[in-house]
Amino acid sequence: MNPPTGISGASHPLQGARVLSIALNLPGPAALARCRDWGARCAKLEPPPPEGRTSADPMAIYCPPAYAELHAGIRMLHADLKSPAGQEVLHRELSSTDVLITSFRPSALRRLGLDWEALHDRHPALSLVRIVGAPGSAAEEPGHDLTYQAEAGLLPHGTALPPTLHADMAGALMAGEAVLRALLQRQATGEGSEHEVALSVAAQWLALPRTWGLTQASGDVGGAHAGYRVYACVDGRVAVAALEPHFMARLCAAVGLDAAADPRAQRTHLALEGFFRQRRRADLDAWAATEDVPLHTME
């Protein structure tokens, strides 16, 4: 199963575009998979795999199902970019490529002769999308999804790990946007362009609602609004998202409150807690479908 794209199967905005990636781990392959699902002709060049393995990408080792899903339908190549033969393979591919995606530090790209100046001089129509950890000179500093989330204030309290790789996946989305920008810019100018995508910036973008206070405890989507919370029910939990007044009015009617009840008042919170605590998930699902209330039940 391919990852969801939010684009219908009949829509292929990148039909005919050629995208090559030399990016390992998660963000680069996820960005390439987006391009694949948008209709681009995608290829990935990896280092020669170690003996006994089919891929040198670390993700193929620590999460084979993710690697397989993200690389389905991708044309795979293997070459040692530190060797003349590997460089020949790469530049032969680049001669017919529209966008190159990388995930190397800038110094590593320079050592491989793949910095923007060298690439643009050799392949003027080629665009470069560089996925890095942090922007500018900080791109040389080590980091991973966890540190970028920590910096952005996205980690849960205590020592719990985040539920998903927000920085990596948001960075992949931004890299996909960068591919689109590059192709549009070349259409206008006839030349390739360089685009930097920093995972730390992607994490900070996701953290903006928290920065604005929306998801803080005092915010309407942080728990202060009784219609936007997770409640306990008889056999599990229920996520309620009745933020709009007409949805909240239906909730209030169900618990015997006035339609104009203050959603922030303790009385409102307690009334909804009691209502959900006495009901089973199946009953809540049926009630929500009948009353047109946005909720999702969980174990």
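Before going into details, it helps to say that this report is about the structure given with it. (Residues numbered from 1 in each chain as written. Predicted model: local features only at pLDDT ≥ 70, side-chain atom pairs only at ≥ 80, totals over all residues. Heavy atoms only, no water.)

What to know about the overall build of the chain
Using the following cut-off: Note on conventions: DSSP H or I runs of at least 4 residues are helices, E runs of at least 2 residues are strands, and numbering of each starts at the N terminus. With the radius of gyration taken over C-alpha atoms, the globule rule is written as 2.2 Å times the number of residues to the power 0.38. Each residue is assigned to one of three classes by its accessible area relative to the maximum for its type, calculated with a 1.4 Å probe on protein chains only: buried under 20%, partly exposed between the two thresholds, exposed over 50%. Only the protein chains shown count as covering a residue, and every accessible area follows the Shrake-Rupley method with a 1.4 Å probe. Charge assignment in this entry is limited to Lys and Arg as positive and Asp and Glu as negative, and neither His nor the chain termini are counted. We put the charge of a Lys on NZ, of an Arg on CZ, of an Asp on CG and of a Glu on CD.
Looking only at helices and strands, the chain has 13 helices and 9 strands in total. Computed over its C-alpha atoms, the radius of gyration of the chain comes to 24 Å, more than 25% above the 19 Å expected for a compact globule of 299 residues. In terms of its C-alpha atoms, the chain occupies a principal-axis envelope of roughly 75 × 45 × 40 Å. Counting the 299 residues in the chain, one finds 42% classified as buried. Entry remark: accessible area of the chain is about 15,500 Å², with carbon and sulfur atoms responsible for 55%. The chain carries 26 positive and 32 negative side-chain charges, and their two centres are separated by 2 Å.

Quick word on a nonpolar patch on the surface
What counts, and what does not: Note on patches: the residues involved have over 30% relative accessible area and no salt bridge, like charges join within 9 Å, and the nonpolar side chains Val, Leu, Ile, Met, Phe, Trp and Tyr join within 5 Å. Throughout this description, the term salt bridge denotes a Lys or Arg side-chain nitrogen within 4 Å of a carboxyl oxygen of Asp or Glu.
Taken together, Leu146, Leu155 and Leu161 make up a surface patch of nonpolar side chains, about 270 Å² in accessible area. Looking at Leu161, the relative accessible area reads 62%, which means it is exposed.

Digging into the sheet that holds strand 4 (residues 99–102)
In plain terms, the rule: Paired strands, in this sense, are two strands between which DSSP finds at least two bridges. Angles shown run from 0 to 180 degrees and are taken between the N-to-C directions of axes, each axis being a line fitted to C-alpha atoms and, for helices, limited to the stretch in contact.
With parallel pairing, the 6 strands of this open sheet are ordered in space as 3-2-1-4-5-6. In this open sheet, the two strands that pair with only one neighbour each are strand 3 (75–78) and strand 6 (194–198). With direction set aside, neighbouring strand axes in the sheet form an average angle of 20°. As paired elements, strand 1 (residues 18–21) and strand 2 (residues 41–46) share 4 bridges and run parallel to each other. Within the sheet, the bridge partner assigned to Arg18 lies in strand 2 and is Arg41.

As for the nonpolar core
Under the convention used in this document: Side-chain atoms within 4.5 Å are what join buried Ala, Val, Leu, Ile, Met, Phe, Trp, Tyr and Cys residues into a set we call a nonpolar core. When checking whether two residues touch, look at their non-hydrogen atoms; a contact exists if any pair is within 4.5 Å.
Of all hydrophobic cores here, the largest spans 35 residues; its most connected members are Leu14, Val19, Ile101, Val129 and Val179. Secondary-structure elements contributing two or more residues to this core are helix 1 (27–37), helix 2 (58–62), helix 3 (64–71), strand 4, strand 5 (127–132), helix 7 (145–152), helix 8 (166–189) and helix 9 (199–206). No other element matches the 7 residues that helix 8 contributes to this core. Beyond its immediate chain neighbours, meaning those up to four positions away, Val19 contacts Leu32, Cys35, Ala40, Arg41, Cys42, Ala43, Thr97, Val99, Ile101 and Val179. The next biggest cluster of nonpolar side chains, apart from the first, holds 20 residues, and it includes Leu251, Leu272, Phe275 and Ala288.

What to know about the pattern of salt bridges
Applying the stated criterion across every chain yields a total of 13 salt bridges. When the shortest N-O distance is used, the salt bridge between Asp37 and Arg36 registers 2.9 Å. The same class applies to Asp37 and to Arg36, which are both buried. Arg92 is the partner of Glu88 in a salt bridge, and the nearest nitrogen-oxygen pair spans 3.8 Å. Placement of both Glu88 and Arg92 in helix 4 (residues 84–94) is noted, with a separation of 4 residues, approximately one turn of the helix. Within the structure, one salt-bridge network assembled from shared partners comprises Lys44, Glu46 and Asp57.

So, the packing of aromatic side chains
Which entries qualify depends on this criterion: Classification of ring pairs rests on two measures: the distance between centres of Phe, Tyr or Trp rings, Trp counted by its six-membered ring, which must be within 6.5 Å, and the angle between planes, read as stacked under 30 degrees, edge-to-face over 60 and tilted in between.
According to the stated counting rule, one finds 3 aromatic pairs in the structure shown. Geometrically, the ring pair formed by Tyr231 and Phe276 is stacked, given 5.0 Å between the ring centres and 25° between the ring planes. Of this pair, Tyr231 sits in strand 7 (residues 228–233) while Phe276 is found in helix 12 (residues 266–277), placing the two residues 45 residues apart along the sequence. Note on accessibility: Tyr231 and Phe276 belong to one class, buried. Each ring, one from Phe275 and one from Phe276, has its centre 5.1 Å from the other, and the planes form 75°; the classification is edge-to-face.

Considerations on the sheet that holds strand 8 (residues 236–241)
Spatially, 7-8-9 is the arrangement adopted by the 3 strands of the open sheet, whose pairing is antiparallel. Each of the sheet's edge strands pairs with one partner strand only, and the pair in question is strand 7 and strand 9 (295–298). Across the sheet, the axes of successive neighbouring strands diverge by a mean angle of 20°, strand direction being ignored. Two elements, strand 8 and strand 9, share 4 bridges in a ladder whose sense is antiparallel. If you follow Arg237 over to strand 9, its bridge partner there is Met298. The sheet contacts of helix 13 (residues 281–291) involve strand 7, strand 8 and strand 9, and relative to strand 9 the element is tilted by about 165°.

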